[in-house]
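One-letter residues, chain by chain:
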Amino acid sequence: MSDAATFELQMSRFIRASRERVYDALVREDLLRLWKCPRGMTVTEIDVDHRVGGAWRLVMRSRDGSLFKIRGVYCELEPPRRVAYTWQWEEGPMPGPTTLVEVDLSERDGGTLLEMRHSGFPAQAALAGHERGWNSTYARLVDLLDPRGSAATLTLYGVGPSSYTRTARLALAEKGIAYTLEACGPHSPGILAVNPFGRLPALTDGDLALYETSAIVRYLDECFDGPRLVPGSIVERAVCEQWVSVFNSTFYAQFVLGYIRPSLFPSGADGQPERAPIEQALAEMPVSLALIDGAYAKSTWLAGETLSMADLFLMPMLAYLERLPDGPRLLAATPHLRRALAAMRERPSFPATDPGGRFTTA
């Protein structure tokens, strides 16, 4: 490292595990293989000479097959308090310069406080890229050691009855991902802390904050194992994106804002629903429902032979529709849609995320 290499990254994590367990995870080859890469990647090779002056080497593979190779040398090993080692990319985002990683562990509140300092970056841009990678990597370490698993770092902000929140919850359930649900309504302080627009839902994963449901579902799909929610083929991905886009641009305003919300939250005289927006929506919805029904005539699912995020956007809205006074009449002409909705009800994720009560818009 040269004197000019002055940029450094600092990060901390509280882990509900003993200091000895955390230290072991930092140095043991079998444990490093389980967490020492960002979400959505896997460790394909690892070789650790666990002694001061000993070398280590790691190869990570992304889902597209790209390989990222890192090596270094242990500088300090003080169990269970401190680990320090050099870091050099053989292949990856910053080949060439050698940087230094220092990790200190201290007992704190029945767990361990991990404090990491990664120094020697030649430019701010290199530091920013490593910050994203370390945040995701340490999220995996917490997943491994905390009894709550990924629920220790992964928090969804929203309320159960929200259609968009339910879409994100369905994605989490379909993928089998543990998470924490932080109840907060639209434009509340809790949601505004993550989403400046105040809409539901939002997601945090360690230091990462995400909003917009499509972005959240895609992130979960790329980062975690389980059935894929974005189809594999080019055409099916395009069809999936088409339906998500149509839902956001057209169906939500038509079905939810035009009919569902005014019906459940009447704002007219004497506490009655305002009929004008409802009547307009009732006139428009049959055309949209016929379009959706035609898509489901080809398959149980919208974008291929398996469930995708497109279905997760539409199904919560359709489930609300069938519960309202005009719903059965509107859905009577959509046998394929009703078949698909029945198939969705059979999946464990659907009853598990059923809000049961009144609808909340976001």
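Notes on the structure in this doc start here. (Residues numbered from 1 in each chain as written. Predicted model: local features only at pLDDT ≥ 70, side-chain atom pairs only at ≥ 80, totals over all residues. Heavy atoms only, no water.)

Regarding the pairing of strand 6 (residues 98-108)
Regular strands place side chains that alternate from one sheet face to the opposite one. Relative to strand 6, strand 5 (residues 82-91) runs antiparallel, the two being bridged by seven bridges. Looking across to strand 6, one finds that Val83 is bridged to Val103. For strand 6 and strand 7 (residues 111-121), the ladder comprises nine bridges, and the chain directions are antiparallel. Bridge pairing links Asp104 to Glu115 in strand 7. Two successive antiparallel strands, strand 6 and strand 7, enclose a turn made up of two residues, where Asp109 displays a positive phi of approximately 50 degrees. (Pairing = 2+ DSSP bridges. Helix = DSSP H or I, 4+ residues; strand = E, 2+ residues; numbered from the N terminus.)

Examining the sheet that holds strand 5
Reading across from one edge, 1-7-6-5-4-3-2 is the order of the seven strands in this open sheet, with antiparallel pairing throughout. Two strands lie at the open edges of the sheet, namely strand 1 (7-15) and strand 2 (42-48), each paired on one side alone. Taken pair by pair, the neighbouring strands of this sheet meet at an average axis angle of 20 degrees, ignoring direction. The strands touched by helix 1 (residues 19-27) are strand 1, strand 2, strand 4 (67-78), strand 5, strand 6 and strand 7; relative to strand 6, the strand with the most contacts, the crossing angle is about 160 degrees. Along the sheet, helix 3 (residues 124-145) makes contact with strand 1, strand 5, strand 6 and strand 7, crossing strand 1 at roughly 15 degrees. (Axes fitted to C-alpha atoms, helices over the stretch in contact; angles between N-to-C directions. Contact = heavy atoms within 4.5 Å.)

A few points about the pattern of salt bridges
In the structure shown here, the tally under the stated rule is 26 salt bridges. Of the charged contacts, one joins Arg39 and Asp205 as a salt bridge, the two residues approaching to 2.6 Å between their closest N and O atoms. Of this pair, Arg39 sits in the loop between helix 2 (29-35) and strand 2 while Asp205 is found in strand 10 (residues 202-205), placing the two residues 166 residues apart along the sequence. Taken as a pair, Arg39 and Asp205 share a single burial class, namely buried. For Glu78, the salt bridge identified is with Arg81, shortest N-O distance 2.3 Å. Residue classification places Glu78 among the partly exposed residues on the basis of a relative accessible area of 30%. Judged by relative accessible area, Arg81 falls into the partly exposed class, the value being 37%. (Salt bridge = Lys/Arg side-chain N within 4 Å of Asp/Glu carboxyl O. Buried < 20%, exposed > 50% of the residue type's maximum accessible area, 1.4 Å probe, protein only.)

Brief notes about helix 4 (residues 163-175)
Given a rise of 1.5 Å per residue, 13 residues ought to cover 18 Å, and the 19 Å separating the end C-alpha atoms of helix 4 matches this to within 8%. Helix 4 sits mainly inside the fold: twelve of its 13 residues count as buried. Within helix 4, the full set of buried residues consists of Ser163, Tyr164, Thr165, Arg166, Thr167, Ala168, Arg169, Leu170, Ala171, Leu172, Glu174 and Lys175. Once helix 4 finishes, Gly176 follows within two positions and takes phi at roughly 70 degrees, a positive value. (Expected span 1.5 Å × (residues − 1).)

These figures come from the coordinates and say nothing about function on their own.
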